[in-house]
Amino acid sequence: MTKQVTPNGFTLDDSGQRVVVDPICRIEGHLRIEVNLDENNVIRNAVSTGAMWRGLEVILKGRDPRDAWAFTERICGVCTGVHALTSVRAVEDALGIDIPANANSIRNLMLLAQHTQDHLVHFYHLHALDWVDVVSALKADPRATSELQRSISNWPKSSPGYFRDVQARLKRFVESGQLGPFSNAYWGSAAYRLPPEANLMAVTHYLEALDFQREIVKIHTIFGGRNPHPNWVVGGVPCSIDVNGDGSINMEWLNLVSSIIDQSITFIDQVYIPDLKAIASFYKDWTYGGGLSGKNLLSYGEYPDHPNDWSQANMLQPGGAILDGDLSKVHEVDVRDPEQVQEFVAHSWYSYPDEKQGLHPWDGITEPHFELGPNFKGTKTNIEQIDEGAKYSFIKAPRWRGHAMEVGPLARYVVAYARGHEEIRDQVDGLLHDLGLPLPAIFSTLGRTAARGLECSFTAHKMRYVFDQLMANLKAGDTATANMDKWEPDTWPAQTRGVGHVEAPRGALGHWIHIKDGKLENYQAVVPTTWNASPRDPAGNIGAYEAALLGTPMVDAEQPVEILRTIHSFDPCLACSTHVMAPDGEELASVKVR
Amino acid sequence: MGDQQTFYEAMREHGITRRSFLKFCSLTAAGLGMGPEFAGKIAHALETKPRTPVIWLHGLECTCCSESFIRSGHPLAADVILSMISLDYDDTLMAAAGYQAEEILEQTVQKYDGNFILACEGNPPLNEDGMYCIQGGKPYIEKLRYMASHCKAIIAWGSCASWGCVQAARPNPTRATPIHKVIHDKPIVKVPGCPPIAEVMTGVITYMVAFGELPELDRQGRPKMFYSQRLHDKCYRRPHFDAGQFVERFDDEGARKGYCLYKVGCKGPTTHNACSTVEWNGGLSWPVKSGHGCLGCAEDNFWDRGSFYSAVTNLGVTGGVEATADDIGEVLAGAAAIGVAAHAAASVVSHMKDGSKGDSSHD
Amino acid sequence: MNSTAAAPHDPASREPVYVFEVPVRVWHWLHTFSFLALAVSGYLIANPLPSIGGEASDHFLMGNIRLVHFIAAYVFAIGFAVRIYWALVGNRYARELFILPIWRGDWWCGLLHEIRFYLFLSKDTPVSLGHNPLAQVAMFLFNVLGTLFMIGTGFALYGQALGIGSWADRLFGWIIPLIGSEALVRNWHIMGMWLMLVFVIIHIYMAVRADIMGRTSSVSTIIGGWRLFRNGRR
């Protein structure tokens with residue numbers, strides 16, 4: 001290949017200089033990106049390689065379905081809890097368990113809190129350094145920084161003295177010669193466009209957000225006992241409520257939840273959103289990274305308002321699919337339909353009997369097959385260059401009706417926008433208006449980052465709504481938190497299948513399960529990063545990461561700031577894109593999971 | 001390194017008074033369960049030592065340990081990272097990527113050979129030549145071995161690094177292996193838990209930086225200050241256990257009253273961790289307090305001990321024995337009883353046959 | 001043929017023999033009753049009785065069950081220690097439990113014979129003064145090793161409650177990393193109880209059966225100490 005056009009409309013050209021970025025840092029897990037640059041340092045080919053596998057699905061085989069949430073929760077500790085929630089939903093779906101209204105509200109609160117905290121941490125601690133030059137903050141005038149801060153927000157920590165102190169702390173840190181996590185980075189690169197004052201403000205909020213994120217997750221601690229990795233239970237939530245008692249959730253704890261919600265709303269609306277707008281205003285013309293977002297987007301819909309009703313009309317954030325950028329039509333998604341969600345492995349380190357075909361997760365096969373293509377460079381244990389013409393990633397290629405889809409906050413926002421969701425429309429239109437940008441501007445790296453910020457505000461405010469719903473239900477005398485009618489395996493059918501889905505911080509997440517004789521017979525997870533970081537499929541469609549990198553000019557081929565910026569805008573989670581593998585190539589049959 | 005700051009200098013430069021610094025030292029001493037006389041030692045240690053370089057590697061994992069670490073309230077994670085240690089490499093947090101990131105490892109080996117702490121989160125897989133975890137095109141195990149050979153001591157964060165954890169659960173398809181089984185020549189502190197409590201993590205690293213040595217370890221290599229007791233022994237629901245008051249199923253009357261969770265599978269009686277004392281997220285709550293039993297996540301191979309919702313679990317026999325000791329025992333005892341009865345019957349029959357031939361075995 | 005060929009006493013003489021001395025007999029019954037107390041209380045610790053209501057301070061049910069378990073455990077362990085002492089100073093039969101004479105050919109012949117006998121392949125009733133070889137194997141595996149295992153694992157677990165550095169932890173704490181984890185030790189401790197219970201069932205059956213059908217006394221021997229002989233076919 002030198003030049004080719006993919007079926008989903010992207011032009012690839014691998015003739016130019018190859019640049020390898022491995023590891024991609026500030027993500028969860030291990031990811032490798034390779035790109036080809038043309039003579040103008042513009043990315044013309046992109047290869048995304050998931051570089052880790054843990055095999056949780058094969059480990060789950062034969063286990064008690066009620067225990068599965070704890071295993072799947074450990075798929076990811078960053079978006080902690082989302083796999084656990086998906087798992088209990090899948091088991092409840094398989095067994096026909098309806099959860100009580102309070103359990104629905106508490107689960108929604110926990111998921112909303114997760115989104116809020118995860119988005120906040122992502123923006124400041126995993127993503128900001130792609131836009132913010134830490135060292136430049138040393139040149140800032142604290143007084144001007146204070147003025148900038150006061151011009152964009154009511155946040156009280158805005159005095160010149162405050163910024164002066166932070167700057168002094170930063171100065172000493174830099175001058176100590178021990179730069180810690182800021183060592184060897186790309187400070188001073190022309191890719192950074194913020195004035196020193198904005199950089200100082202952002203660095204200050206980096207530290208404030210690191211401190212504040214601890215508060216948001218306390219909602220998990222109250223209802224689930226801890227964070228990361230709170231506890232869940234099939235049939236509801238493990239915590240009981242006795243408002244008048246002292247042995248379970250009572251008024252004091254509910255008040256604490258309420259107070260955390262208030263603080264979260266304040267922090268997000270007074271710090272995160274103003275920072276987002278301020279930073280975005282300096283990068284308005286950096287319009288790269290759209291990739292698949294202007295074409296194909298997928299969201300399952302989230303936050304069932306009333307329990308046990310999975311219709312999109314009942315979702316606080318309705319889902320669906322957009323194809324070919326046509327916002328006038330939102331396609332309904334049926335996760336049970338074998339023709340819709342399918343996974344391909346032609347370019348993944350797995351094998352299928354027929355690799356031209358995709359398989360629905362209920363029928364999913366996962367047989368590992370680590371094999372480097374004929375054109376790779378290096379040795380098996382020292383890969384210098386991947387051969388994307390062959391198998392090249394531990395990530396499968398999921399497709400919806402054969403289309404590569406982008407998932408995540410931007411997908412959710414565009415789908416809800418297309419569905420006419422009023423609140424989300426107001427948010428999006430408001431931001432675009434403030435920045436003076438047209439709607440298509442959101443189909444970009446910056447759009448992805450902006451949608452995450454807007455969603456963070458949305459989820460913080462929705463916590464208030466759900467909390468009030470919980471209180472109203474308690475006031476009405478309903479204190480049930482778990483339905484234990486079908487807890488015992490002797491109440492279960494001999495064989496059953498189920499599916500659970502959640503909109504995780506990083507996008508559409510589904511678990512497909514098969515229960516036989518009280519044990520898990522098959523477990524397949526199709527996770528957000530599998531969608532976004534997917535390699536090519538048999539037809540040659542490229543995935544969302546690869547598509548988003550194309551056409552981006554790099555200021556300096558040696559400094560991958562632009563690659564990091566776009567990849568980070570997806571908030572990759574590589575541990576999530578876990579699939580099954582065998583002990584060794586010869587004994588595949590013994591761990592074959594069907 | 002002339003430009004290396006001591007911890008005390010760093011704090012003074014960050015505008016912290018000597019008085020606050022000493023207060024911090026006594027709080028740290030108290031937090032580590034040590035008497036006030038140790039505050040002076042900590043202060044002295046922090047005043048004279050440059051910030052210790054820490055290299056934080058990630059193998060197969062879910063990153064819950066890092067997430068937990070940044071939840072630390074005392075000391076704040078930001079203060080640990082910026083003032084107490086020098087976190088020179090941590091692919092989850094660091095600004096650089098690609099070869100600029102990997103360069104730091106080599107620089108560290110050159111500058112601080114034998115003087116940096118290696119913090120390991122996650123574990124290396126050994127199958128497929130280690131290529132189930134690829135970093136920089138190479139197997140993670142190579143990076144781990146190389147850095148370990150130059151470090152001063154290793155912290156094994158979490159149950160992955162300490163025991164193997166979820167990816168090492170049966171059948172452990174990647175042959176994920178805990179640190180102490182691949183690195184044999186360096187002191188290792190295990191800080192198990194999935195994840196460990198934030199303040200336990202910062203407590204361990206603070207201790208190592210302040211004292212320049214490993215904390216006192218128990219037989220299995222865990223710091224005694226956090227892992228010497230079972231949750232059960234300091235559980236605030238213990239009186240209900242002793243009284244015989246149990247939650248029989250979730251959301252029953254006992255659950256609302258905060259009874260003991262043992263019968264719904266709490267593993268507190270066999271789990272060593274600080275949950276019931278330090279508690280989680282700033283001492284707010286912990287799993288048992290919220291109403292769910294302990295999963296036993298700080299214990300070796302807790303994934304393969306059978307149901308999280310049963311008090312008696314399985315025997316850890318490889319090959320897929322899911323039955324609990326009680327299941328097997330009841331079957332064996334039943335079989336013995338039946339066997340005895342059958343043998344008795346056969347004896348009588350045999351005896352009568354002999355008797356009919358007029359040839360009794362005893363007369 | 002008889003299995004304890006080296007015995008000075010000829011079973012054919014049919015004279016009663018003093019086999020089990022007083023300490024052995026006392027220990028047997030202490031061991032039995034402490035085991036039963038341990039098994040019942042242990043089962044109830046693993047599988048508690050239905051929850052009771054009221055104030056926690058009004059009840060101490062689980063606490064008392066555990067107390068019974070621990071008292072019985074001390075009786076069980078100290079009794080066994082004394083029994084080991086008696087093996088050193090007592091008569092030849094006091095040692096049979098602890099030493100399998102695997103170096104002796106006739107012992108193996110006896111073992112084979114016993115197995116054939118209990119499978120109804122041989123009509124010859126074996127005669128032993130002390131324990132027959134098959135019983136000796138069972139005793140050694142399930143009772144001696146079983147008791148040691150239960151004492152070791154039990155006190156290892158007990159040491160976790162007493163705390164690091166307690167006598168039980170120092171003496172037996174090493175067992176936990178050896179087996180893997182405390183949960184695993186606990187589960188094997190429970191399994192050990194079941195295996196010993198299986199032994200008890202078979203042991204009682206064999207003893208009663210031997211009394212009824214065999215040529216020597218057995219139940220009365222462990223009470224009175226004397227082995228009596230009936231006429232037998234040779």
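So, here's what we can say about the structure. Just so you know, these numbers come straight off a predicted model, no measurement behind them.

## Quick look at the interface of chain C and chain B
Across the contact, 58 residues belong to chain C and 55 residues belong to chain B. Linking chain C with chain B are two salt bridges. Close ionic contact of B:Arg219 with C:Asp169 constitutes a salt bridge, the shortest N to O distance being 3.1 Å. Taken together, the connections running from chain C to chain B amount to 24 residue pairs in polar contact (both at pLDDT 80 or more). Among the secondary structure elements, those contributing two or more residues to the side of chain C that touches chain B are helix 1 (22-46), helix 2 (61-89), helix 5 (133-162), helix 6 (167-172), helix 7 (175-179) and helix 8 (182-213) of chain C. For the side of chain C that touches chain B, the element with the highest residue contribution is helix 8 of chain C, accounting for 18 residues.

## Observations regarding the environment of A:Ala441
Residues and elements named next belong to chain A. Tracing the backbone through its elements, the reader meets Ala441 in the loop between helix 11 (422-435) and helix 12 (445-475). On the basis of relative accessible area, Ala441 is assigned to the partly exposed category, the value being 26%. Along the sequence, Ala441 and Gly294 sit 147 residues apart, while their C-alpha atoms lie 9.6 Å from each other.

## Some thoughts on the interface of chain A and chain B
In this assembly, 100 residues from chain A lie in contact with 95 residues from chain B. Carbon and sulfur atoms supply 56% of the area buried between chain A and chain B, which totals about 8300 Å² over both sides. Sorting the residues of chain A by area buried against chain B places A:Arg169, A:Gln178 and A:Pro181 first, and these three jointly supply 9% of that buried surface. Scanning the region where chain A abuts chain B turns up four salt bridges. We note a salt bridge from B:Asp79 to A:Arg169, for which the minimum N-O separation is 2.8 Å. Counting only elements with at least two residues in the side of chain A that touches chain B, the list comes to helix 1 (56-60), helix 2 (68-73), helix 4 (101-127), helix 6 (160-175), helix 7 (196-216), helix 8 (218-224), helix 9 (251-282) and strand 14 (382-385) of chain A. Of the residues contributing to the side of chain A that touches chain B, the split by class is 53 nonpolar, 28 polar and 19 charged.

## A short note on the packing of helix 5 (residues 142-152) of chain A against helix 6 of chain A
Residue and element names in this part refer to chain A. For the pair helix 5 and helix 6, interaxial distance at closest approach is 8 Å and the crossing angle is 120 degrees. Between helix 5 and helix 6, the angle falls in the class oblique. Crossing angle aside, the handedness with which helix 5 passes helix 6 is right-handed. For the pair formed by helix 5 and helix 6, the contact residues are Pro142, Arg143, Thr145, Ser146, Gln149 and Arg150 on the first element and Pro160, Phe163, Arg164 and Gln167 on the second. Partitioning the contact of helix 5 with helix 6 into residue classes produces three nonpolar, four polar and three charged.

The rules we used
- Note on numbering: residues in each chain are counted from 1, in written sequence order.
- For this description, chains carry letters from A and ligands carry numbers from 1, given in the order in which they are written.
- Under the rules for a predicted model, residues below a pLDDT of 70 receive no local features and side-chain atom pairs below 80 are neither given nor counted, while totals for whole chains, interfaces and linings still include all residues.
- The side-chain values count all of the structure's non-hydrogen atoms but skip hydrogen atoms and water molecules.
- By definition in these notes, contact holds between two residues if any of their heavy atoms fall within 4.5 Å.
- A pair is scored as a salt bridge if a Lys or Arg side-chain nitrogen falls within 4 Å of a carboxyl oxygen belonging to Asp or Glu.
- Two N or O atoms form a polar contact when they lie within 3.5 Å of each other; inside protein one atom must be a possible hydrogen donor and the other a possible acceptor, and for residues adjacent in sequence the pair counts only when both atoms belong to side chains.
- A run of DSSP states H or I qualifies as a helix once it reaches four residues; a run of E qualifies as a strand once it reaches two. Both are numbered from the N-terminal end.
- Buried, partly exposed and exposed residues are distinguished by accessible area as a fraction of the type maximum, computed with a 1.4 Å probe on protein chains only: under 20%, between the cut-offs, and over 50%, respectively.
- By definition, the buried area sums, over both parts, the 1.4 Å-probe accessible area that each loses when the two are put together.
- Residues are grouped as follows: Ala, Val, Leu, Ile, Met, Phe, Trp, Tyr, Cys and Pro are nonpolar; Asp, Glu, Lys and Arg are charged; all remaining types, including Gly, are polar.
- Simply put, an axis is a line fit to the C-alpha atoms, just over the touching stretch for a helix, and the angle between two N-to-C directions goes from 0 to 180 degrees.
- We call two directions roughly parallel when the angle between them is under 35 degrees, roughly antiparallel when it is over 145, roughly perpendicular when it lies between 65 and 115, and oblique otherwise.
- Crossing handedness is defined as follows: a turn of the near helix away from the far one that is anticlockwise and smaller than a right angle gives a left-handed crossing, while the clockwise case is right-handed.

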